[in-house]
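Summary of the model geometry
Take a look at the letters that make up each chain.
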Amino acid sequence: ISEKAKKRVTTAEAEVKRLIDMTNDLLDVERLASGTLEMEMEETTSTRVIDATIGSMQALAEQHKVALARDDGEIDFRGDTDRLVQVMVNLVGNAVKFSPADSTITLIADRQDNNVLFSVKDQGRGIPPDYIDKVFEKFQQVEESDSSEKGGKGLGLSICKSIVEAHGGTIGVESTFGEGSTFWFLIPSE
């Protein structure tokens, strides 16, 4: 096929992938909301979650010239390792997309009373104060251009919230506009 046709096919493939991803995200949101998404609870550790997250995100971070660092100790707890990695991958992916080159994103796991506190701290653009309360709602973007420029659908943080709440936990963000954000979630360790 011609070069022009190849470009059209590539564009069509990318659009189909985007629509499939969005559909899967919507299905996850609905399954989580209705309580029909199965959680595979097991004995796990914070180290397993962070190791898997870094393994999944290292190439993307390198593409964006962003370093991934960690500050964690091994904390035992019970949870769905794969779903918690999904949460961390989403948080790190967002941090990578919105961080400048040559900055560092730190993945943190710490014990807080009878809970495990996971955090992703970046040096990105931060979130304007009037958006802080909205970022975990479905289809929310800090800027309208984020969807087209950064590839977001506004579902990832909503899914993260649902997964964390299914673990009996809470999720939040602390941000200083222009300086960076720390997204965190707290889940019971016992």
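Preceding this paragraph is the structure being described.
Below is a summary of the structure that appears in this document. (Residues numbered from 1 in each chain as written. Predicted model: local features only at pLDDT ≥ 70, side-chain atom pairs only at ≥ 80, totals over all residues. Heavy atoms only, no water.)

1. Let's talk about the side chain of H167
Along the chain, the position of H167 falls in the loop between helix 5 (156–166) and strand 6 (170–176). At 2.9 Å, the side chain of H167 forms a polar contact with the backbone oxygen of I163. Contact partners of H167, with chain neighbours within four places excluded, come to M39, M41, G79, D80, L84, I187 and P188. (Helix = DSSP H or I, 4+ residues; strand = E, 2+ residues; numbered from the N terminus. Polar contact = N/O pair within 3.5 Å; in protein donor to acceptor, adjacent residues only side chain to side chain. Contact = heavy atoms within 4.5 Å.)

2. Observations concerning the packing of helix 2 (residues 46–63) against helix 3 (residues 81–97)
In the contact formed by helix 2 and helix 3, the axes pass within 9 Å of each other and the chain directions differ by 35°. For the pair helix 2 and helix 3, the sense of crossing is right-handed. For the pair formed by helix 2 and helix 3, the contact residues are R48, V49, I50, A52, T53, S56, M57, L60 and A61 on the first element and T81, L84, V85, M88, V89, V92, G93 and V96 on the second. Each residue belonging to the contact of helix 2 with helix 3 can be placed in one class, and the counts come to twelve nonpolar, four polar and one charged. (Axes fitted to C-alpha atoms, helices over the stretch in contact; angles between N-to-C directions. Left-handed = near helix turned anticlockwise from the far one by under 90°. Nonpolar A, V, L, I, M, F, W, Y, C, P; charged D, E, K, R; others polar.)

This is a description of form; function is not addressed.
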